[in-house]
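If you want the building blocks of each chain, they are given just below.
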Amino acid sequence: MSILVNKNTKLLVQGITGRDGGFHTQKMIDYGTNVVGGISPGKGGQEVHGVPVFNTVADAVKKTGANTSIIFVPAAYAADAALEASEAGIDLVIIISEGVPTLDMVRITPYLKKNGTKLIGANCPGLMSPGEALVGILPVSIFKKGNIGLMSRSGTLTYEMVYQLTSSGLGQSTCVGIGGDPVAGLYYEELLQMFQDDPETHAIVLMGEIGGDAEERAAEYIRKHVTKPVVSFIAGQTAPPGKRMGHAGAIISSGTGTAAEKIAAFESAGVQVAKQPSEIPGMLKKLLNL
Amino acid sequence: MKIHEYQAKEILARYEIPVTKEVLCYTVAEVKAAAEKLGYPCVVKAQVLTGGRGKAGGVKLARTLADATAAAEAILGMDIKGFKVEKVLVAQGVSFVNEIYAGLTIDRNTKSVVFMASREGGVEIEEVAKDNPDAILKFAIDPDLGISPFVARKIAYALFDDSKLANQAVVMFQKLYQVFLDADASLVEINPLVITSDGNLLALDGKMTFDDNALFRQPEILALNEPDEDEIKELYAKDKGLSYIRLDGNIGCMVNGAGLAMATMDMIKLYGGEPANFLDIGGSSNPQKVVDAMNLILSDKNVKVVMINIFGGITRCDDVAKGLISALEQIQVKIPIVIRLSGTNSKEGLEILKNANLPIVETMSEAAQMAISLA
């Protein structure tokens, strides 16, 4: 098992005729992900890497039975693309696009919720269940099937972490990039619960960063609902206040959202916090008696 | 993106939200003329894109022309948290009986716009949040409903016991929400919103910040941007596809990915060094990006060593290595460089760098320690 994506995932790619959409479609197919269709208005009837292209998501869902969609369209159109997927009955939508206006995310949230559509992103690398499916832009060669569930606000930091886990012999059940924007889809609490319920996940790694108080809330959630071991790393301990550190959501504003507060919250909830990512494999092995 | 108080109040006024009568001035002479025109008392307020100007002495009450002149002389040219005051706002003095806080911002947890209101206005809302959090009322706005009149009434009656004031607030709060939506704001704040002695609501101060991701569709807002020296550099970097923030240390950093770039700074600090910058070059091996990034780092004269930390994901390390070599051939770097390369095809990448006689290490912590020893 894994969470969110697996061998039963039937994937659509919105923006499949674009440069990034096309490139990553090929990568996902190469990994074995079941990419059943692509969307590009006005280009219906064409094929990209052998995948049929449709004008609308509704059309694609009708013809392919797709249940998941990944969005590569430019940021200005990403929210509309997510609404289109939700309206067409897609269960899980992943927005890779970076730079989506915050109010667009605010506007689409209630509609997706009403339709029961799960959202990941925007501004994220997607997700990966090793041995099952890649739905995103993560580099597959560093992954290994196993029992660690991982969630992270950052792309390359996720890769760094996965690389170190794999190098230490610790495989992964699912790795989820939740994205670096202030308003995003599935977040720590929902994912913690999914990993808690997934029999194949034995321990959880949470890669947080400065900005907002989602890590503090996650700490509280772990205290109450998570029995599996959780270890964490928080990026941005040296970030100056008031500056956005690359990610739109990574900002210390009015003295809140600091790494110190997040680390303290985790530690008081019994979650070990690594000083550097390379400490995490050792911490996990100890907790899992490996 | 931030704007000045006077610009925020111009936007409020455009939406017919009552604001103080005021004049923007650049010189002492202009302040004198404005004070004479507006009458006394009046208030001279520094216009700088940072908070805490009151504590820094950037806001002064003037009861006479002499007061106004002295205030202008003191405030114009003053340094507030590194910002030089180049303009001041002269605002008509207002006699009021109470100060309220009203503001809209984005709440990450409810994923909605939240209206914050407090009877304890006039002080920084962060202080109220810390000392007396119950004094701040929060109303999450359903984007489908917006601030319907009934939502505005809920907020207004929580703040005002007097129906006349509540009615004024109902109209004002709906407009305030419209400002927030129309401008793609991330913060719209009136603090204080005062109840004047004659029983009306008036915005004494105004503050707005905007969502950088939405500036592409807000040309009028973007036109108000006044980047400071650091921000000019940040914008230049953005234009080149880089994300750069200057810091005070001496170890220049070049990293792919924002999270990894933050973690790199943290690592340097962990081993006792000081990072000179945050720099995310994104996910490509394009040599031009490395050249641009290196030039940015070297433009900071404090930098004594450059630490390059690349994790090859989609981009392969051998491509990155070739990009680095081609970039380093184009620019003369007179200070030491430490390179850490890991991830996809790292073996091939390290081989290429080794042949080029570049100092390479395998882990982030080794790289940080070596950079510190060379700084």
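Every value quoted in this text rests on a predicted model; they were computed, and no experiment measured them.

(A) Seen up close, the interface of chain B and chain A. Chain B puts 46 residues into the contact, and the matching count from chain A is 49 residues. The set of elements that each furnish at least two residues to the side of chain B that touches chain A consists of strand E8 (112-118), strand E13 (243-246), helix H9 (258-270), strand E15 (277-280), strand E17 (337-343) and helix H13 (364-374) of chain B. At 11 residues, H9(B) tops the list of elements feeding residues into the side of chain B that touches chain A. Classifying every residue of the side of chain B that touches chain A gives 21 nonpolar, 14 polar and 11 charged.

(B) Looking closely at the sheet that holds strand E9 (residues 133-136) of chain A. Residue and element names in this part refer to chain A. Read from one edge of the open sheet, 7 strands run E9-E8-E11-E10-E12-E13-E14, paired in mixed fashion. Every interior strand has two partners, whereas the edge strands, E9 and strand E14 (272-273), have only one. In terms of strand pairing, strand E10 (residues 145-152) meets strand E12 (residues 203-209) through 5 bridges, oriented parallel. Residue pairing in the sheet places Met151 in a bridge with Leu206 of E12. On the sheet, helix H5 (residues 155-167) packs against E10, strand E11 (172-177), E12 and strand E13 (230-235) and is oriented at approximately 155° with respect to E10.

(C) Looking closely at the sheet that holds strand E5 (residues 68-71) of chain A. Residue and element names in this part refer to chain A. Taken in spatial order, the 7 strands make up an open sheet running E3-E4-E2-E1-E5-E6-E7, and their pairing is mixed. Where the open sheet ends on each side, the last strands, each with one partner, are strand E3 (47-48) and strand E7 (118-121). In the sheet, strand E1 (residues 11-14) pairs with E5 via 4 bridges, with the strands oriented parallel. The partner of Leu12 across the bridge, within E5, is Ser69. Strands E1, strand E2 (35-39), strand E4 (51-54) and E5 of the sheet are contacted by helix H2 (residues 57-64), whose axis makes an angle of about 160° with E2.

(D) Here's a closer look at the nonpolar core. Grouped together as the largest cluster of nonpolar side chains are 199 residues, with contacts concentrated most on Ile71(A), Ala82(A), Ile94(A), Phe173(B), Phe278(B), Leu279(B) and Ala371(B). Apart from residues no more than four positions distant in its own chain, Ile94(A) is found in contact with Ile70(A), Ile71(A), Ile120(A), Gly121(A), Gly126(A), Leu127(A), Val135(A) and Gly136(A). If you look at the next biggest cluster of nonpolar residues, it comprises 21 residues, including Ala34(B), Ala62(B), Leu89(B) and Val90(B).

(E) Expanded view of the environment of Glu73(B). Position of Glu73(B) relative to the elements: it lies in helix H3 (residues 65-75). In sequence terms Glu73(B) and Arg153(B) are 80 residues apart; their C-alpha atoms lie 45 Å from each other.

(F) Representation of the environment of Tyr187(A) within the structure. Residues and elements named next belong to chain A. Summarising the element assignment, Tyr187 is placed in the loop between E11 and helix H6 (188-197). Taking the C-alpha atoms as reference, Tyr187 lies 20 Å from Glu267; in sequence the two are 80 residues apart. Contacts of Tyr187, omitting those with residues within four sequence positions, involve Ile178 and Ala214.

(G) Region of the structure containing the environment of Ile339(B). Residues and elements named next belong to chain B. The residue Ile339 is located in strand E17 in this model. Classification of Ile339 as buried rests on a count of 23 C-beta atoms within 10 Å. As for Ile339 and Glu274, which are separated by 65 residues in sequence, their C-alpha atoms are 17 Å apart. Not counting residues up to four positions away in its chain, the partners in contact with Ile339 are Ile308, Leu324, Leu353, Leu358, Pro359 and Ile360.

Calculation rules
Residues numbered from 1 in each chain as written. Chains lettered and ligands numbered in written order. Predicted model: local features only at pLDDT ≥ 70, side-chain atom pairs only at ≥ 80, totals over all residues. Contact = placed C-beta atoms within 7 Å. Helix = DSSP H or I, 4+ residues; strand = E, 2+ residues; numbered from the N terminus. Nonpolar A, V, L, I, M, F, W, Y, C, P; charged D, E, K, R; others polar. Pairing = 2+ DSSP bridges. Axes fitted to C-alpha atoms, helices over the stretch in contact; angles between N-to-C directions. Core = buried A, V, L, I, M, F, W, Y, C linked by C-beta atoms within 7 Å. Buried ≥ 20, exposed ≤ 12 C-beta atoms within 10 Å, placed from the backbone.

These figures come from the coordinates and say nothing about function on their own.
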